[in-house]
Amino acid sequence: MSLVTLLPFIVLIGAMFLMTRSAKKKQNAAAQMRNEMQPGTGVRTIGGMYATVKEVNEETVLLDAGPGVDLLFAKNAIGAVLGDDEYNRIVHGIEHDLKSDESVVPDDASSLTETDESADVSDDKHIDLGKKDVADEPVAEPTAGSVVEPADESPAAEPKKTDAAELKKSDGESDTK
């Protein structure tokens, strides 16, 4: 057999070795993390439940999930051991104030667009959305050099009178009978 024929098998075995090696490293890191758990630390289970470690045994962990709620979990069911700041941020909503110098971004855009005073003023203005009569509008006076057109008093300006025969026609009927 030549080296060219064996090369794909060698590459495949090398890839399998590297994948198992990285998986072993991840397993060892997770086991070390679980062994370093102390009572009072916050954890997240693989199911997504957040709790505080109450007691650590050889294979199990007793978790305090709330007032009067103690749960017994296998150590392998602990997905992550959280730091105090991260646990308080997630569970209690308490932000650790490391970035106090930065500006605060508001939750809504109203504070970015107007102030409270302008909001109060805008409530006093009422907008009339009704139709206005043409007779109520002021008429512009003609100036020198402008052309004044006479008012349209043609019969088209008056409402069109129709008789009952025209009303009964549909779109498909013709005018001739």
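Our structure is the block above this text.
About the cut-offs
- Residues numbered from 1 in each chain as written.
- Predicted model: local features only at pLDDT ≥ 70, side-chain atom pairs only at ≥ 80, totals over all residues.
- Heavy atoms only, no water.
- Helix = DSSP H or I, 4+ residues; strand = E, 2+ residues; numbered from the N terminus.
- Buried < 20%, exposed > 50% of the residue type's maximum accessible area, 1.4 Å probe, protein only.
- Contact = heavy atoms within 4.5 Å.
- Core = buried A, V, L, I, M, F, W, Y, C linked by side-chain atoms within 4.5 Å.
- Pairing = 2+ DSSP bridges.
- Axes fitted to C-alpha atoms, helices over the stretch in contact; angles between N-to-C directions.
- Lys, Arg positive; Asp, Glu negative; His and termini not counted.
- Salt bridge = Lys/Arg side-chain N within 4 Å of Asp/Glu carboxyl O.
- Polar contact = N/O pair within 3.5 Å; in protein donor to acceptor, adjacent residues only side chain to side chain.

### Quick word on the overall build of the protein chain
A tally of regular secondary structure across the protein chain gives five helices and five strands. Reading the protein chain from its N end, one meets helices and strands in the order α-β-β-β-β-β-α-α-α-α. Taking all 177 residues of the protein chain together, 8% fall into the buried category. For the protein chain, long-range pairs separated by at least 24 residues make up 37% of all intrachain contacts whose partners lie at least 6 apart in sequence.

### Topic: the nonpolar core
Counting seven residues, the largest nonpolar core consists of Met37, Val43, Ala51, Val53, Val61, Leu63 and Ile78. When residues of this core are traced back to their parent elements, those giving at least two are β2 (50-56) and β3 (60-66). In this structure Met37 touches Val43, Val53, Val56, Val61, Lys75, Ile78 and Val81, once residues within four positions along its chain are discounted.

### Focus: the sheet that holds strand β5 (residues 78-82)
The strand order across the open sheet built from five strands is β4-β3-β2-β1-β5, with neighbouring strands paired in antiparallel fashion. Across the chains shown, the open sheet's two edge strands, defined by having one partner strand only, are β4 (69-74) and β5. Ignoring which end each strand starts from, the neighbouring axes of this sheet average 40 degrees apart. One ladder, built from three bridges, connects strand β1 (residues 42-45) with β2; its direction is antiparallel. Bridging across to β2, Gly42 finds its partner in Thr52. On top of the sheet, helix α2 (residues 84-92) reaches β1, β2 and β5; it is set at about 130 degrees to β2, its chief contact.

### Quick look at the side chain of Arg34
Turning to its location among the elements, Arg34 is positioned in helix α1 (residues 3-35). Among buried charged residues, Arg34 stands out as having no salt bridge; its nearest opposite-charge side chain is Glu59, 9.8 Å away. Of the polar contacts made by the side chain of Arg34, one reaches the backbone oxygen of Lys75; its length is 2.9 Å. Looking at Arg34, its side chain comes within polar contact range of the main-chain oxygen of Ile78, at 3.0 Å.

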